[in-house]
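Structural overview for review
If you want the building blocks of each chain, they are given just below.
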Number of protein chains: 2
Amino acid sequence: MPTPKLIALDWGTTSARAYLMAEESEVIGQRSAPLGVLNVKDGDFEGALLELCGPWLMVRTETPILASGMIGSRQGWAEAPYVSCPAGMAELSAHLLPVEIARRRKLWIVPGVSITAPDGIPDVMRGEETQIFGALTFAERQQGSGLFVLPGTHSKWVRVVDGRIVWIRTFMTGELYSILVAHSILGKLIPTGEAPDADAFERGVNHAHNDPFGLSSLLFSARTLPLFDKLPATGIADYLSGLLIGHEIYTAERALNAIRPAFDGVTLVGETALVRNYQRALTLVGWSSTSAPAFPAASGLWRIAEKAGLLGERVEKSVSLA
Amino acid sequence: MPTPKLIALDWGTTSARAYLMAEESEVIGQRSAPLGVLNVKDGDFEGALLELCGPWLMVRTETPILASGMIGSRQGWAEAPYVSCPAGMAELSAHLLPVEIARRRKLWIVPGVSITAPDGIPDVMRGEETQIFGALTFAERQQGSGLFVLPGTHSKWVRVVDGRIVWIRTFMTGELYSILVAHSILGKLIPTGEAPDADAFERGVNHAHNDPFGLSSLLFSARTLPLFDKLPATGIADYLSGLLIGHEIYTAERALNAIRPAFDGVTLVGETALVRNYQRALTLVGWSSTSAPAFPAASGLWRIAEKAGLLGERVEKSVSLA
């Protein structure tokens, strides 16, 4: 097995993923657990770290540990203050937050990135910045520039120019979908044992993308269409998903038009099924998109660790001990 | 006590209100119960009717009974098919659905109203049409024309021209507010024992009304503003309410601009506290508004009963029996 050089942690709200990495950012081990920030009992983050990647910690005690995501939030292990846009690898690696753990070892936390719009409204991310820099390594498009979409509970649209994050827009798409299905009158109309309905999804995307009316009005069509037998009840969930994603794309498009950036398609970063849905939706409304390769968080953490000198230092130390 | 001429029922999803009415639509008795359509066990609507206004049914067995609202829906007592726009008193009263009850008596149900937008998306209401015609009786503005807003779980914007409903737009404002507060990450940020925060409400309205970005993005500001200490946690619920109402007004305004109607302010019909919030929001964005007098449903039911000949027939019968 190649020598481990980094323990990289993608530590989110509900789950945590750990990567053992070797030279040239090769992933040589992977572990994950439902030990997200909200699931760690009594603030015992060190216990969670041990549970998640104990063997790796034991074998080589000098391997540096770098984490990104909600672990650096107010609800996490320690709060790593947001770095303001424009934020690139240099800004992130200069603001890693160290947390002391057993045997005088340190775990480093990547800060999140924030932006404040001209109207005073802030936007933020934690973890996505690392995934983006991971995706950039591979994509290397437009000298490190591009438009990134990271679908999820809180979907992020992020513009990168010359290797720095300059614009963030968050959409509560995933969360709205979940609570509408679980708790609204629309959810009550959805039969159990529902099958995927590509047509319903497509209609939702097109409707939201073409219709200038607002989301709280659009959503009601998921009630009225089945009422008039214009949508099967089995298609309501996919129609809703299409509406929310279509609305997200429509809104992002307007916001981007306002700042008139030069970009050439979108890079999608995220879970395969979700990325596939966004690709379908983007294609429907005429956007080109590609999806980022696997392990963008691991690659991003590797790059940040390298930039911060975590790998170099440790390598030297390791050499001197040998 | 004046002679009862009508038992008028405003029978909705969660509650039912009954009015005993005399000549000139005077309300001489009122009862209400949580016997809305969803709360009636085993479809025993007649039992619910008896529980709600039994004594009135006993005293004068010839008093006509007219009901509006979700009682006429697929989940209600009997389905009264929607009447299409344009729909006025004549169309509604010509399509009352009779339901036979004990002693060969009938309960009549007012149909809902539907519209299909040019893009094929339907919109509907049940019960609001009756409240609007009740409000028109009193308002008598512009020869029976106007723009009505009925805030609630599913808020309705309704345009009436020459006494006929010509345009309907539903917003899921109330329901989105409830499920976001109860089930989303935004709700988790709201402390218990929260006090009303007029400033937060106002900021929400202004932000949503001025910002061209979509609702699923706007909502995230209820998370980021407190994160940067720009909004007290105690103000999150009112800020959310302001965002949703502001978004509703913004969207309605755009929709109305597209059809370029002539109207002079808005008539608000609904629960006092909710109407007050909408009046504040409308004033903030420069709309004039008035609120409808009490009992719009009762007044509307009276007018429809009169137009349908229910009052005249029964009066004659009552006279012949005396």
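**Observations concerning the interface of chain B and chain A**
- Taken residue by residue, the interface counts 49 residues in chain B and 49 residues in chain A.
- When chain B packs against chain A, close to 4,300 Å² is buried across both sides, 66% of that on carbon and sulfur atoms.
- Of all residues in chain B, Met172, Ser216 and Phe220 of chain B give up the largest surface area on contact with chain A, accounting jointly for 15% of the area buried on that side.
- Across the chain B-chain A interface, the total number found is zero salt bridges.
- The interface formed by chain B and chain A contains 17 residue pairs in polar contact (both at pLDDT 80 or more).
- For the side of chain B that touches chain A, the elements supplying multiple residues, two or more each, are strand E9 (113-116), strand E10 (122-125), strand E13 (164-171), helix H4 (173-183), helix H5 (185-188), helix H7 (215-218), helix H8 (221-227) and helix H9 (236-259) of chain B.
- Each residue belonging to the side of chain B that touches chain A can be placed in one class, and the counts come to 23 nonpolar, 16 polar and ten charged.

**With respect to the packing of helix H4 (residues 173-183) of chain A against helix H9 (residues 236-259) of chain A**
Residue and element names in this part refer to chain A.
- Running from amino to carboxyl end, H4 crosses H9 at an angle of 155°, the nearest separation of the two axes being 10 Å. Looking at the two axes, H4 sits roughly antiparallel to H9. In this structure, H4 meets H9 at a crossing whose hand is right-handed. Seen from H4, the contacting residues are Thr173, Leu176, Tyr177, Leu180 and Val181; seen from H9, they are Ala237, Leu240, Ser241, Leu244, Ile245 and Glu248.

**Some thoughts on the confidence of the model for chain A**
Residue and element names in this part refer to chain A.
- Mean pLDDT over chain A: 90, with 93% of residues reaching 70 or higher.
- Considering only residues more than four positions removed or in separate chains, one finds that residues 314-322, a stretch of pLDDT under 50, has five contacts.
- Taken together, the chains of this predicted complex give a pTM of 0.91 and an interface ipTM of 0.91.

**What about a nonpolar patch on the surface?**
- Taken together, Leu50, Met58 and Val59 of chain A make up a surface patch of nonpolar side chains, about 320 Å² in accessible area.
- Note on Val59 of chain A: relative accessible area 68%, which makes it exposed.

**Describing the sheet that holds strand E8 (residues 105-109) of chain A**
Residues and elements named next belong to chain A.
- Judged by pairing direction, the sheet is mixed, and its six strands sit side by side in the order E3-E2-E1-E4-E8-E7 without closing on themselves. Lying at the two open borders of the sheet, with one neighbouring strand each, are strand E3 (26-33) and strand E7 (97-101). Averaged over neighbouring strand pairs, the angle between their axes works out to 25° when direction is ignored.
- Helix-sheet contacts for helix H11 (residues 296-307) involve strand E1 (4-11), strand E2 (16-22), E3 and strand E4 (65-68), and the interaxial angle to E1 is about 125°.

**Regarding the domain arrangement of chain A**
- Structurally, chain A comprises domain 1 (4-118 + 308-321) and domain 2 (171-291).
- With centres defined by C-alpha atoms, the gap from domain 1 of chain A to domain 2 of chain A works out at 34 Å.

**What about the sheet that holds strand E11 (residues 146-150) of chain A?**
Residues and elements named next belong to chain A.
- One open sheet accounts for six strands, arranged E6-E13-E12-E11-E14-E15; its pairing is mixed. Each edge of the open sheet is held by one strand with a lone partner, namely strand E6 (87-88) and strand E15 (289-291).
- Relative to strand E14 (residues 266-268), E11 runs parallel, the two sharing three bridges. Opposite Leu147, over in E14, you have Val266 as the bridge partner.
- Running over the sheet, H9 touches E11, strand E12 (155-161) and strand E13 (164-171) and is turned about 25° from E12.

**What about the packing of helix H6 (residues 198-210) of chain B against H9 of chain B?**
Residue and element names in this part refer to chain B.
- One can describe the packing of H6 onto H9 by two numbers: an axis separation of 6 Å at closest approach and a directional angle of 30°. For the element pair H6 and H9, the recorded crossing hand is right-handed. Between H6, through Ala200, Phe201, Arg203, Gly204, Val205, His207, Ala208 and His209, and H9, the contact on the second element is made entirely by Asp238, Tyr239, Ser241, Gly242, Leu243, Ile245, Gly246, His247, Ile249, Tyr250 and Glu253.
- The class makeup of the residues in the contact of H6 with H9 is nine nonpolar, seven polar and three charged.

**Describing H9 of chain A**
- Look at H9 of chain A: 35 Å from first C-alpha to last across 24 residues, which is about the 34 Å you get at 1.5 Å a residue.
- The buried count for H9 of chain A comes to 19 of 24 residues, which makes it a mostly enclosed element.

**Looking at the pairing of strand E8 (residues 105-109) of chain B**
All names here are of chain B.
- Most of E8 sits out of view: four of its five residues are buried.
- Bridge count for strand E4 (residues 65-68) against E8 is three bridges, and the pairing is parallel. When the bridges of E8 are listed, Ile65 appears paired with Leu107.
- In this sheet, E8 lies alongside strand E7 (residues 97-101) in antiparallel orientation, the contact comprising five bridges. Bridging across to E8, Ile101 finds its partner in Arg105.
- The turn linking E7 back onto E8 is made up of three residues, and Arg103 within it adopts a positive phi angle of 60°.

Thresholds, definitions, all that
Residues numbered from 1 in each chain as written. Chains lettered and ligands numbered in written order. Predicted model: local features only at pLDDT ≥ 70, side-chain atom pairs only at ≥ 80, totals over all residues. Heavy atoms only, no water. Contact = heavy atoms within 4.5 Å. Buried area = accessible area lost by both parts, 1.4 Å probe. Salt bridge = Lys/Arg side-chain N within 4 Å of Asp/Glu carboxyl O. Polar contact = N/O pair within 3.5 Å; in protein donor to acceptor, adjacent residues only side chain to side chain. Helix = DSSP H or I, 4+ residues; strand = E, 2+ residues; numbered from the N terminus. Nonpolar A, V, L, I, M, F, W, Y, C, P; charged D, E, K, R; others polar. Axes fitted to C-alpha atoms, helices over the stretch in contact; angles between N-to-C directions. Parallel < 35°, antiparallel > 145°, perpendicular 65-115°, else oblique. Left-handed = near helix turned anticlockwise from the far one by under 90°. pLDDT = per-residue confidence, 0-100. Patch = residues over 30% accessible without salt bridge, like charges linked within 9 Å, V, L, I, M, F, W, Y side chains within 5 Å. Areas by Shrake-Rupley, 256 points an atom, 1.4 Å probe, with all protein chains shown as cover. Buried < 20%, exposed > 50% of the residue type's maximum accessible area, 1.4 Å probe, protein only. Pairing = 2+ DSSP bridges. Domains from an automatic or database assignment. Expected span 1.5 Å × (residues − 1).

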